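Each chain is listed here by its residues.
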Amino acid sequence: MLPLLGRRVPLSFVHRLTTCCPPSLSRPVLLCSVLIKLRPVTRVTHSTVFVGQNTGTMPERRPFVRLPTDVYPVNYGLCLKPDLIDFTFEGKLEALVEVTQATNQIVMNCADIDIITASFAPQGGEEINATGFNYQNEDEKVTLSFPSALQKGSGTLKIDFVGELNDKMKGFYRSKYTTAAGEIRYAAVTQFEATDARRAFPCWDEPAIKATFDIALIVPKDRVALSNMNVIDRKPYPEDENLVEVKFATTPIMSTYLVAFVIGEYDYVEGQSSDGVTVRVYTPVGKAEQGKFALEVATQTLPFYKDYFSVPYPLPKIDLIAIADFAAGAMENWGLVTYRETALLIDPKNSCSSSRQWVALVVGHELAHQWFGNLVTMEWWTHLWLNEGFASWIEYLCVDHCFPEYDIWTQFVSADYTRALDLDALDSSHPIEVNVGHPSEVDEIFDAISYSKGASVIRMLHNYTGDEDFRKGMNAYLLKFQHKNASTEDLWDCLEQASGKPIAAVMSSWTKQMGFPIIVVDQEQQGDDRILKISQKKFCASGPHNGEDCPSWMVPISICTSEDPKCTKLKVLLDRPETTITLSGVAPDQWIKINPGTVGFYRIQYSSSMLESLLPGIRDLTLQPVDRLGLQNDLFSLSRAGMISTVEVLKLMEAFVNEPNYTVWSDLSCNLGVLSSLLSHTDFHEEIQEFIRDLFTPIGLELGWDCKPGEGHLDALLRGLVLGKLGKAGHKPTLEEARRRFKDHVEGKQVLPADLRSPVYLTVLKHGDSATLDTMMKLHKQADMQEEKNRIERVLGAISAPDLIQKVLSFALSEEVRPQDTVSVIGGVAGSSKQGRKAAWKFVKDNWEELYNRYQGGFLISRLIKLTVDGFAIDKMAAEVKVRALRLNSAESFLVSEGLFVVEFLFIYFF
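Residues numbered from 1 in each chain as written. Predicted model: local features only at pLDDT ≥ 70, side-chain atom pairs only at ≥ 80, totals over all residues. Heavy atoms only, no water.

Novice: Can you lay out the sheet that holds strand E8 (residues 141-150) for me, pointing to particular residues and giving the numbers?
Specialist: Taken in spatial order, the three strands make up an open sheet running E4-E8-E7, and their pairing is antiparallel. At either margin of the open sheet sits one strand with a lone partner, and together these are strand E4 (103-109) and strand E7 (132-136). Ignoring which end each strand starts from, the neighbouring axes of this sheet average 25 degrees apart. Of the pairings in the sheet, the one linking E7 to E8 comprises five bridges and is antiparallel in character. (Pairing = 2+ DSSP bridges. Helix = DSSP H or I, 4+ residues; strand = E, 2+ residues; numbered from the N terminus. Axes fitted to C-alpha atoms, helices over the stretch in contact; angles between N-to-C directions.)

Next up, the structure:
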């Protein structure tokens, strides 16, 4: 695509804002974000889960004592027999344990399990039956009492127990699916992170209490049975000819949250990595072909990580399996990685480019954990960020290796880096490293600070350290702590020894305090030298930090010039509030850019003259795409904080009219979407839509509707983004063409390419009627692929008529929508219009008990609240949300005992 040189964006809308700004926008705009802290939660990969779950104002911490150390497991011998009809399971545990000091009781974790019998047999001694089981339900513990002291030494703990295959998508649970013949059946699957292994068997459910596992499953003979290790025996079960007993090889020493087992009906595709590891991707029956892309990614990824870490994958096999009902995006169980169907399955004809990219990233993320998290595990949940932040960074490194055409590092800046900056600028943020006591607090740190900020500071650290020394340090860390547990400081020590740089001192300033700096830059020309005055202060979304005790950071600063925008001219470590830097050999007509590559985790505020000098670099594209993106994102953020005028930012948009890069347009689109949402409460809503149409029309005309020879992945993403933006904004030619193509698609004349379905569906629904919605519901019912169902579910909320909005909301809780996807449907309603936000909020209030019971306080309920209230921008709604939160918080019910709403009022100056 050739840039449309010389085209300018009409600025009539900007002029009207300048001259006719209403009183409601000349003062602070009140945004209300509701943040929820609830029970322990299954983990989620970076894109599913972490929308605004900030936890700066912490509730009163519950008292908590970790498990006693007088008895610990060495090996679990575990046999489970699930009943897929009655949704129960029987279990037998024979655990080899070590008694370190004499005791007459054993304390373990146990939740939603009934113990039938328990006994202890010391090595070479007589079996001692337990005389009592004392359940501490709130702490999810059980104390087994014995009539005499268990003496120091080895022994075998035997427990018979029963439990429920629940429908809460945690622990050992049931997952509903439909066969090709239309019959509803159930699989039995697991999700144990953070603290739900205790719902499947009594255990020492803490990450540092590692043991080996010998697992056996008694299952219907026509079902597939999988666990962490390979099958070593499969034989008929003597008590029932319809069952078989499947035994698995002994695992390496590992934490309980990484144990997994699955029983169900699946097909699979199989391959081998270049280093000899057997890789299988398990799919729903009849859909094996949809596992081939993930198989390709996995077989390339394992050798990449082996080479990067210089440590081989330690298991003989790895299975990747698609689970129908799955709350998280994926889970890194050692040797048996579980995924949502949409995070693993790719249909060659019906999957869009963004889905392929998403699958590649999620596979890369989970396989990274096989080393970083599974081989070496955090000592306690305080160090969760290191597991997730590292995997969220290296997944991009892996995808960049496998698919360089994705330009994935530029997308990282939009998807993770800027998202983390936005959240970490809130007063309600929290440090990356949070002390965790009671496991119920773990939920509070499964958020974008742990994942996206964690990944961003790891990326900055990698750049500061240098790739060679970084890899040396990583290798030393993995070898030193393999099959053990480690803390954040252990990694810093290894990297410090490898690089000779003050890693611990630098990184502590980023992990142990919340927030980040804004780097303020001014310049002065002295002959051939450019003198830069650089200072740092805390950046706050609510405006400049005015506190007396302003925190500071050790900030790696890189600088480039227009002479070579891709080459760093100077690197310094800013370890004080301000400094002066001299750049030699910089001519007066050259521009200076701080933070090339947008790697350092901070915002930048340039002087007016410096900013003006950078504009030609945007217009003529000499600035790298990632730097064009970072520059405009910083400006939007500064305007939201009231530090510069939004009008000036909108004027800057004309410099981007020649922009060819997908990710830059994507970030522009998100920022304009925030502004559009706010202006929906004013008389300026139609003007911002006109502005969007004017801005996006040239690139839309250049791209057209149909892919051209030579186009690639990013062109497909850009086309979908631009057409969707124009269609939603009411661009008439786009609307007319979308309706024509939709009609042909529905009638079977011309099937829409997968990359065009979301923008076309969105456009026709936004400007559609009841017949349009009925047609879309029919398409949803007919869809055989979960990706297509989700694609439709996410856009249904675009419908405008109030009665049809209610119909969509009712649909969200119907049997047609999988439990984990209800949130997307309601969030789609809330995010589409002012009317939708009000309706979604009322719907959540009216159906709160059902929604809360469905998700049991997990991250999905948090995400639902965030999506529902995020667009409110008036005092009345902020007050209503606060009252609702306080009322729930004081209620004599489970809503108090298991949850606490925190309402944050964030004043953001726009004009």
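Still more ground to cover, so stick around.
Novice: Which residues make up the sheet that holds strand E24 (residues 517-526), and what values do they have?
Specialist: One open sheet accounts for four strands, arranged E28-E25-E24-E30; its pairing is mixed. The open sheet has two free edges, formed respectively by strand E28 (578-583) and strand E30 (603-606), since each of these has just one partner strand. Pairwise comparison of adjacent strand axes, ignoring direction, gives a mean angle of 25 degrees for this sheet.

Novice: Now, about the pattern of salt bridges: what can you tell me, with residues and values included?
Specialist: For the structure on display, the rule yields 45 salt bridges. Measuring nitrogen to oxygen at the nearest pair gives 2.8 Å for the salt bridge that ties arginine 280 to glutamate 270. Note that arginine 280 is positioned in strand E18 (residues 278-283) and glutamate 270 in strand E17 (residues 267-272), a separation of 10 residues in sequence. Judged by relative accessible area, which is 44%, glutamate 270 ranks as partly exposed. Notably, a salt bridge pairs lysine 781 with glutamate 816, separated by 3.1 Å at the nearest N-O pair. Taken together, the residues lysine 781 in helix H19 (residues 770-782) and glutamate 816 in the loop between helix H21 (802-812) and helix H22 (822-830) connect sequence positions 35 residues apart. Given the relative accessible area of 57%, lysine 781 is considered exposed. The network of salt bridges with common partners includes Asp112, Glu140, Asp196, Arg198, Arg199 and Asp205. (Salt bridge = Lys/Arg side-chain N within 4 Å of Asp/Glu carboxyl O. Buried < 20%, exposed > 50% of the residue type's maximum accessible area, 1.4 Å probe, protein only.)

Novice: Now, about the packing of aromatic side chains: what can you tell me, with residues and values included?
Specialist: For the structure shown, the criterion picks out 40 aromatic pairs. Residues tryptophan 393 and tryptophan 409 carry aromatic rings whose centres are separated by 6.4 Å and whose planes lie at 40 degrees to one another, so their mutual orientation is tilted. Taken together, the positions of tryptophan 393 in helix H5 (residues 384-402) and tryptophan 409 in helix H6 (residues 408-424) put the pair 16 residues apart, joining distant regions of the chain. When the ring of tryptophan 510 is compared with that of phenylalanine 601, the centres are 6.4 Å apart and the planes differ by 80 degrees; the resulting orientation is edge-to-face. Of this pair, tryptophan 510 sits in helix H10 (residues 503-511) while phenylalanine 601 is found in the loop between strand E29 (592-594) and E30, placing the two residues 91 residues apart along the sequence. The exposure class of tryptophan 510 is buried, given its relative accessible area of 0%. In this structure, arginine 174 is placed above the aromatic ring of phenylalanine 87, and the distance from its NZ or CZ to the ring centre is 4.2 Å. For lysine 501, the ring lying beneath its charged end belongs to tyrosine 464, and the centroid distance is 4.8 Å. (Phe/Tyr/Trp six-rings, centres within 6.5 Å; stacked < 30°, edge-to-face > 60°. Lys NZ or Arg CZ within 6 Å of the ring centre and 35° of its normal.)

Novice: With reference to specific residues and values, describe unusual backbone geometry.
Specialist: In this structure, alanine 194 follows glutamate 193 across a cis peptide bond, with omega equal to 10 degrees. Of note, serine 310 is a non-glycine position whose phi angle comes to about 55 degrees, a positive value. Within the element layout of this structure, serine 310 appears in the loop between helix H3 (292-309) and strand E19 (317-323). Phi at asparagine 595 is positive, roughly 65 degrees, even though this residue is not glycine. You can see asparagine 595 is positioned in the loop between E29 and E30.

Novice: Lay out the side chain of serine 607 in plain terms, naming residues and giving numbers.
Specialist: By the element assignment, serine 607 lies in the loop between E30 and helix H11 (608-619). If we skip the residues at most four places from it in the chain, serine 607 touches Val521 and Asp522. (Contact = heavy atoms within 4.5 Å.)

Novice: Mind laying out the confidence of the model for the protein chain, listing which residues take part and the relevant values?
Specialist: Note that predicted coordinates carrying low pLDDT should not be read in detail. Overall, the predicted model of the protein chain reaches an average pLDDT of 87, with 89% of residues at or above 70. In this model residues 1-59 is a low-confidence stretch, pLDDT under 50, and it forms 239 contacts with partners more than four residues away in sequence or in other chains. Note that pLDDT drops below 50 for residues 889-911; the model gives that stretch 91 contacts with residues more than four away or on any other chain. (pLDDT = per-residue confidence, 0-100.)

Novice: Let's hear about helix H17 (residues 732-746): which residues, and what values?
Specialist: The terminal C-alpha atoms of H17, which comprises 15 residues, lie 21 Å apart, in line with the 21 Å expected from a rise of 1.5 Å per residue. Every buried residue belonging to H17 is among Thr734, Leu735, Glu737, Ala738, Arg741, Phe742, Asp744 and His745, and all of these are buried. Tucked into the core, H17 has its buried residues touching helix H16 (713-728), helix H18 (754-766) and H19. Directly beyond the C-terminal end of H17, a positive phi value near 80 degrees is found at glycine 748. (Expected span 1.5 Å × (residues − 1).)

Novice: Before we move on, can you summarise the pairing of E24 with the specific residues and values?
Specialist: Pairing between E24 and strand E25 (residues 529-538): 10 bridges, direction antiparallel. Paired with isoleucine 518 across the two strands is lysine 537, which belongs to E25. Between E24 and E25, which pair antiparallel and follow one another directly, the connecting turn spans two residues, one of which, glycine 527, has a positive phi of 65 degrees. When E24 meets E30, the two strands line up parallel, connected through four bridges. Counterpart to isoleucine 518 in the pairing with E30 is arginine 603.

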